[in-house]
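Inside the fold
Below, each chain spelled out in residue letters.
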Amino acid sequence: MTYLEPTHPISAPRAVFIAFVLTTISFLHADRGFDPADEGFLWYGAIHAQAGQVPIRDFLAYAPGRYYWCAALFSLFGNGLMALRLSATLFQFLGFSAALLALRRVLKSPWALSGAGVLVLFWMIVPYRYFDSSVQLFAVLVATRLLEKPSKKRYFEAGLLTGLAAFFGLNHGLYLFTLFSGLIIFQYWKGCLEALLKNGLAYLFGFFCGSLPIMGMCIFLPGFFESYIRLVPRLAMLLALGQANIALPIPWPWTVSWGHLGQVFQNQQVLIREFAGQSALGLCFIFLIIFYFFSVPSVFFIQKKDISHKALWIASAFVGVCYLHHIFSHAEGIHFGEGFFPVIAGLLSIRVTYPYFHKKLAYFLIVLISILSFFSAGIRNNLFLKHFPPQTKNSLVQYVIGNDHIWMLKSAADRIDGLKKVVAQYVPAHEPMLLAPLMTTFYPILGKNSPVYDLFFVAPQSEETQLEMIHDLEKKKVRWAVVGNPVVRSSLGLRLSTTQPILWKYLMTNFEAVTDRGLQPGYFLMRKRSFT
């Protein structure tokens, strides 16, 4: 069968240029915000990868790709917090370009493509998650190209993307393997794969090539393969507990409590914004379910001759379904945004896919999702925070971290200052110390290394894992710790004393509180009782 290449109103270079401009504007506001835990998980790992340590083997980490990406760019930009965000933004640019290259198939003007790009950027909320956001953008483009012309070359591209995706996140590799396996079956069912065996082999060869980085690490880095395998039983335990990704309840709009938010946000303006944001996010979940309820069955009624013309619609349905686990396993705004692009692409392509679809209704749906996206994700964007900071005593201030000037809430700046002063006053410069439960970002700020393999203390851990942490603390003669026991996930009641009870008992038995002056409420600087 002969496949005709579709014509696009907007050229590829122009789409990439629009992506460059919008990404640059976004990065100009990347000096906003401070995360004491999640961003530090990437920052700490990238710094140590640059120093020669191996992610997963030497410290708890996601898949290694993102750490080596940042570490490589650190050699050009330094290893500060803004260098980390710039490194993530460069990866974002690649993924964002892929998104606009996919959308140029259904949008007729650069202005429309730019508007759609802004909508996509709304959902790329925080830099340290740009890697996860970008993979699904790559997936939509590659799946669309595959449906337009299912050649051996494009199946090789799909396999290559699957292997590389696993290098940046094992879950993404699984999602994409499911995706392209489904597309192979779909195309075979539609009779579009005259050379099924050759195309399948091309996909597997691409997957092999994309997997070479992780296979090379397993073969040539001593201990990496064993450490990689050791993560399996830990993940299995979390799966058994239903907490592989710290599951959160779906924020349906009717579950948003004004009274509960009022206890957290005292300022009326901030309270209204949070209430609107969480309500809008709940409506986005409903919108997503309704969209897939109609779009997924529709693709099976598309005739063989129309597949190439309706490729973006089909690709959006397949990619979206494969990312539902990612969205619903941790039902909050950041994870939701990492799987929402297929809905945006599907909506924008609906008039091209189904010309008889009511024009005004299509426009209404696009406007509706744009409004919901603004309140769900746009108000969390750095650009919004710069021009519309919270009008409270806890307003934004500029704080210096290394050589970077970061705008953050005054409470965050006070927390950093307080910790630095306490550590400088009590802890000798070269003494190791433990920071728990969610203080990973403070390790690079204080210039210290984690004395234990784990960097997060949220998910429940086995007795063996906790005993290993205690062994490391003893082996490295850790005499100082900053420890708190706050509820990390209020909906689940997770806290250090319940998720790591053996470690908690060890700390409470063998350490004594020295001071809490200047620290976040509920946190203490602790010293080992045998310290002299």
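Below you will find a few notes about this structure. It should be emphasised that the depicted structure is a prediction, and the values quoted were computed from it without experimental measurement.

With that settled, the discussion passes to the overall build of the chain. What the chain contains, in helices and strands, is 24 helices and six strands. Looking at the 532 residues of the chain, the share that counts as buried comes to 53%. The long-range share in the chain, meaning contacts at least 24 apart out of those at least 6 apart in sequence, stands at 71%.

With that settled, the discussion passes to the packing of helix H1 (residues 12–27) against helix H5 (residues 110–122). Two numbers describe how H1 lies on H5: the axes approach to 10 Å, and their chain directions differ by 45 degrees. Classified by the angle their axes make, H1 and H5 are oblique. Crossing geometry of H1 relative to H5 is assigned as right-handed. Judged by residue contacts, Arg-14, Ala-15, Ile-18 and Leu-22 of H1 engage Pro-110, Leu-113, Ser-114, Gly-117, Val-118 and Leu-121 from H5. Here the contact of H1 with H5 is composed, by residue class, of seven nonpolar, two polar and one charged.

Our next topic: a nonpolar patch on the surface. A cluster of nonpolar side chains, Phe-205, Phe-208, Leu-212, Met-215, Ile-219 and Phe-220, forms an exposed patch at the surface whose accessible area comes to about 650 Å². The set of elements that each furnish at least two residues to the nonpolar patch consists of helix H9 (196–210) and helix H10 (212–220). Residue contributions to the nonpolar patch peak at four residues, all from H10. Inspection of the secondary structure puts Phe-220 in helix H10.

Across the sheet, which stays open at both edges, the four strands sit in the order S3-S4-S6-S5 with mixed pairing between neighbours. Edge positions in the sheet fall to strand S3 (433–436) and strand S5 (511–515), since each has one partner strand and no second. When strand polarity is set aside, the average angle formed by the axes of neighbouring strands in this sheet is 30 degrees. Pairing between strand S4 (residues 480–484) and strand S6 (residues 523–528): five bridges, direction antiparallel. The residue of S6 that forms the bridge with Val-482 is Leu-525.

This next bit is on the pairing of strand S2 (residues 404–409). Judged from the six bridges that link them, strand S1 (residues 396–401) and S2 form a sheet pairing that is antiparallel. Bridging from a neighbouring strand, Val-400 pairs with His-405 of S2. Here S1 folds back onto S2, and the loop between the two strands holds two residues, one of which, Gly-402, carries a positive phi near 65 degrees.

This part is about helix H6 (residues 130–148). Over its 19 residues, H6 extends 27 Å from the first C-alpha to the last, a length consistent with the 27 Å expected when each residue adds 1.5 Å. For H6, the tally of buried residues reaches 18 of 19 residues, placing the bulk of the element in the interior.

Another aspect to go through is the pattern of salt bridges. For the structure on display, the rule yields 13 salt bridges. As a salt-bridge pair, Asp-132 and Arg-66 come within 3.0 Å of each other at their nearest N and O atoms. Placement of Asp-132 in helix H6 and of Arg-66 in helix H3 (residues 65–77) is noted, with a sequence separation of 66 residues between them. Taken as a pair, Asp-132 and Arg-66 share a single burial class, namely buried. The shortest N-O distance in the salt bridge between Glu-512 and Arg-527 comes to 3.5 Å. In this pair, Glu-512 is assigned in strand S5 and Arg-527 in strand S6, connecting sequence segments 15 residues apart. Using a relative accessible area of 27% as the deciding quantity, one classes Glu-512 as partly exposed. Each member of the salt-bridge network shares a partner with another, and the members are Arg-66, Arg-129, Asp-132 and Glu-338.

Right, let's get into the layout of surface pockets. When its volume is computed, the second largest pocket comes out at roughly 680 Å³. If you go around the second largest pocket, you meet 32 residues; those closest to its centre are Val-106, Leu-107, Lys-108, Leu-348 and Val-352. When contributions to the lining of the second largest pocket are tallied by element, the ones reaching two or more residues are H5, helix H14 (311–322), helix H17 (341–353) and helix H18 (359–376). The greatest single-element share of the lining of the second largest pocket, amounting to seven residues, is contributed by H17. Considered class by class, the residues forming the lining of the second largest pocket number 18 nonpolar, eight polar and six charged.

Relative to the helices and strands, Val-16 resides in helix H1. Here Val-16 falls in the partly exposed class, since its relative accessible area comes to 28%. Taking the C-alpha atoms as reference points, Val-16 and Ala-99, separated by 83 residues in sequence, lie 9.6 Å from one another. Contacts of Val-16, omitting those with residues within four sequence positions, involve Phe-93, Ser-97 and Leu-101.

Basis of the calculations
Residues numbered from 1 in each chain as written. Predicted model: local features only at pLDDT ≥ 70, side-chain atom pairs only at ≥ 80, totals over all residues. Heavy atoms only, no water. Helix = DSSP H or I, 4+ residues; strand = E, 2+ residues; numbered from the N terminus. Buried < 20%, exposed > 50% of the residue type's maximum accessible area, 1.4 Å probe, protein only. Contact = heavy atoms within 4.5 Å. Axes fitted to C-alpha atoms, helices over the stretch in contact; angles between N-to-C directions. Parallel < 35°, antiparallel > 145°, perpendicular 65-115°, else oblique. Left-handed = near helix turned anticlockwise from the far one by under 90°. Nonpolar A, V, L, I, M, F, W, Y, C, P; charged D, E, K, R; others polar. Patch = residues over 30% accessible without salt bridge, like charges linked within 9 Å, V, L, I, M, F, W, Y side chains within 5 Å. Areas by Shrake-Rupley, 256 points an atom, 1.4 Å probe, with all protein chains shown as cover. Salt bridge = Lys/Arg side-chain N within 4 Å of Asp/Glu carboxyl O. Pairing = 2+ DSSP bridges. Expected span 1.5 Å × (residues − 1). 1 Å grid on protein atoms, 1.4 Å probe; cavity = no way out; pocket = protein on both sides within 12 Å on 5 of 7 lines; lining within 4 Å. Points joined across faces, edges and corners; volume = space filled by probe spheres on them.

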